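# Structural characterization, general
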Amino acid sequence: MNRQRNPGAWRGGEMESGQAYQGRMPEEAAVVTVARGSMLVQMDGYSRVMGSGEMFLLPPGATYEYRAREAVKVVACCFLPEMLPGILPVRELVCHCRGNAGGIATLKAGRAFRHFFLLSDYYQINGLFNEQMQETKCREFFCLMQGIYNKVELAGFLRPVMDERTWFRSFVSGNWMKARSVDELAAIANMSTSGFMKKFRRHFGEPPYKWMTGRKAECVLAEINSGGVPLKEIVDRYNFVNYAHFWTFCRKQYGLSPKELQGKVSGDVLQKPEPEKAG
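Notes on the structure follow. (Residues numbered from 1 in each chain as written. Predicted model: local features only at pLDDT ≥ 70, side-chain atom pairs only at ≥ 80, totals over all residues. Heavy atoms only, no water.)

## Regarding the nonpolar core
Nonpolar side chains in soluble globular proteins generally cluster together in the buried interior. Counting 68 residues, the largest nonpolar core has Met55, Phe141, Phe142, Met145 and Phe196 as its most contacted members. When sequence neighbours within four positions are dropped, the list of residues in contact with methionine 55 reads Val31, Val32, Thr33, Ala105, Thr106, Leu107, Ala109, Phe113, Phe141, Met145, Tyr149 and Phe157. In this structure, Met25, Ala62, Tyr66 and Val74 belong to the second largest nonpolar core, which totals 20 residues. (Core = buried A, V, L, I, M, F, W, Y, C linked by side-chain atoms within 4.5 Å. Buried < 20%, exposed > 50% of the residue type's maximum accessible area, 1.4 Å probe, protein only. Contact = heavy atoms within 4.5 Å.)

Next up, the structure:
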């Protein structure tokens, strides 16, 4: 089920000297800044000592371990990669991603970032850091990065979430629900429909219309089976032109009307014969 996800959030923590912490990143990424102290960072087979003011990137799926060499405070800007195209010139930065990068890339956080973190701490202490504020501060963080670092520096640092395949798949995952057609999704990507379709087949292995229809069918069925979402809301959420369009979609995908789908478990529905082919 594709519910709305918060694209940006802030996390932080402190460790005493000698303490260690390990984990694995989910579908989100994080820019981690060492606000105080120093620690050994091990990530996907690479190691590096990070001192105060250094920042590094944890991409989705990365395994990592921190080992504090002294008392350490870290601040993490956690984000979904699909939010970046709306903030940074991603397509330009991709052009600067050349060759195979090894090790853990770092950037030095200067005075502007220190003031940024102090203000964020103030919001946190005073109970102002709600979900909307966290997303706003994440966007501000990347705007600040764009203003301080040049494109080569940004591309090298963000490379793990900036290569063409990662960017394109993240873009599609974050934007397909906004489009009613392949043409609209291509327009959002600022690409021609033919170019978009060719790239989509290369990265997803199937035509975009088939993929979008499949995701929409899965999401619609999950929404209906949850029992808590009115059908009219589903019509609006998934960009159906009207209820009649929604009714036809359900009939083609599952052989049942929306009303008939209500109250049935997804396993029963999915075991029905394949839907009729569109003429």
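## Some words on the pattern of salt bridges
Applying the stated criterion to the full structure yields 13 salt bridges. A salt bridge links glutamate 218 to arginine 215; the shortest N-O distance between them is 3.0 Å. Pair noted here: glutamate 218 and arginine 215 are both in helix α8 (residues 208-226), with a separation of three residues, about one helical turn. According to the relative accessible area criterion, glutamate 218 is partly exposed, its value standing at 47%. Here glutamate 233 ties to arginine 237 by a salt bridge, and the two come within 2.4 Å at their closest N and O atoms. Here glutamate 233 and its partner arginine 237 are both found in helix α9 (residues 231-237), four residues apart, which amounts to about one turn of the helix. Among the residues examined, glutamate 233 registers a relative accessible area of 36% and is labelled partly exposed. Here the salt bridges share partners, and the residues they tie into one network are Glu223, Glu233 and Arg237. (Salt bridge = Lys/Arg side-chain N within 4 Å of Asp/Glu carboxyl O. Helix = DSSP H or I, 4+ residues; strand = E, 2+ residues; numbered from the N terminus.)

## Observations concerning the sheet that holds strand β5 (residues 46-50)
Spatially, four strands are ordered β2-β7-β4-β5 in an open sheet, and the strand pairing comes out antiparallel. Edge positions in the sheet fall to β2 (20-24) and β5, since each of these pairs with one other strand and no more. Taking each pair of neighbouring strands and ignoring which way they run, the sheet shows an average axis angle of 15 degrees. Of the strand pairs in this sheet, β2 and strand β7 (residues 63-68) are connected by five bridges, and their pairing is antiparallel. Residue pairing across strands places tyrosine 21 opposite tyrosine 66, the latter belonging to β7. (Pairing = 2+ DSSP bridges. Axes fitted to C-alpha atoms, helices over the stretch in contact; angles between N-to-C directions.)

## Description of the packing of α8 against helix α10 (residues 243-254)
Two elements in contact, α8 and α10, have axes whose closest approach is 11 Å; the angle formed by their N-to-C orientations is 100 degrees. As summarised for this structure, α8 and α10 are arranged roughly perpendicular, according to the angle between their axes. Seen from α8, the contacting residues are Thr213, Lys216, Ala217, Glu218, Val220, Leu221 and Ile224; seen from α10, they are Phe246, Phe249, Cys250, Gln253 and Tyr254. A class-by-class count of the residues in the contact of α8 with α10 yields eight nonpolar, two polar and two charged. (Parallel < 35°, antiparallel > 145°, perpendicular 65-115°, else oblique. Nonpolar A, V, L, I, M, F, W, Y, C, P; charged D, E, K, R; others polar.)

## Quick notes on the pairing of β7
Two strands pair when backbone bridges link them, and strand β4 (residues 39-43) and β7 are joined in this way by five bridges, in the antiparallel orientation. Bridge pairing in β7 links valine 41 to tyrosine 66.

## Thoughts on the packing of aromatic side chains
Counted by the stated rule, this structure contains 28 aromatic pairs. Seen in terms of ring centroids, tryptophan 10 and phenylalanine 116 are 5.6 Å apart; in terms of plane orientation they differ by 50 degrees. Their pairing is tilted. Residue tryptophan 10 is located in strand β1 (residues 8-15), and its partner phenylalanine 116 is located in helix α2 (residues 111-125); the two are separated by 106 residues in the primary sequence. Phenylalanine 116 matches tryptophan 10 in its accessibility class, with the two residues each being buried. (Phe/Tyr/Trp six-rings, centres within 6.5 Å; stacked < 30°, edge-to-face > 60°.)

## Regarding helix α3 (residues 131-148)
The terminal C-alpha atoms of α3, which comprises 18 residues, lie 26 Å apart, in line with the 26 Å expected from a rise of 1.5 Å per residue. Those residues of α3 not exposed but buried are Gln134, Lys137, Cys138, Phe141, Phe142 and Met145. The buried side chains of α3 occupy one side of the element, clustering within an arc of 140 degrees when seen end-on. Seen from the buried face of α3, the exposed residues on the opposite side, beyond 90 degrees, are Gln132 and Gly147. (Expected span 1.5 Å × (residues − 1). Arc of directions from axis to C-beta.)

## A few points about unusual backbone geometry
As a rule of thumb, non-glycine residues mostly have phi less than zero, and peptide bonds are mostly trans rather than cis. You will see that aspartate 44, though not glycine, has its phi angle at about 50 degrees, which is positive. Relative to the helices and strands, aspartate 44 resides in the loop between β4 and β5. For asparagine 239, which is not glycine, the phi dihedral falls at a positive 60 degrees. Taking relative accessible area as the criterion, asparagine 239 reaches 19% and is therefore assigned buried.

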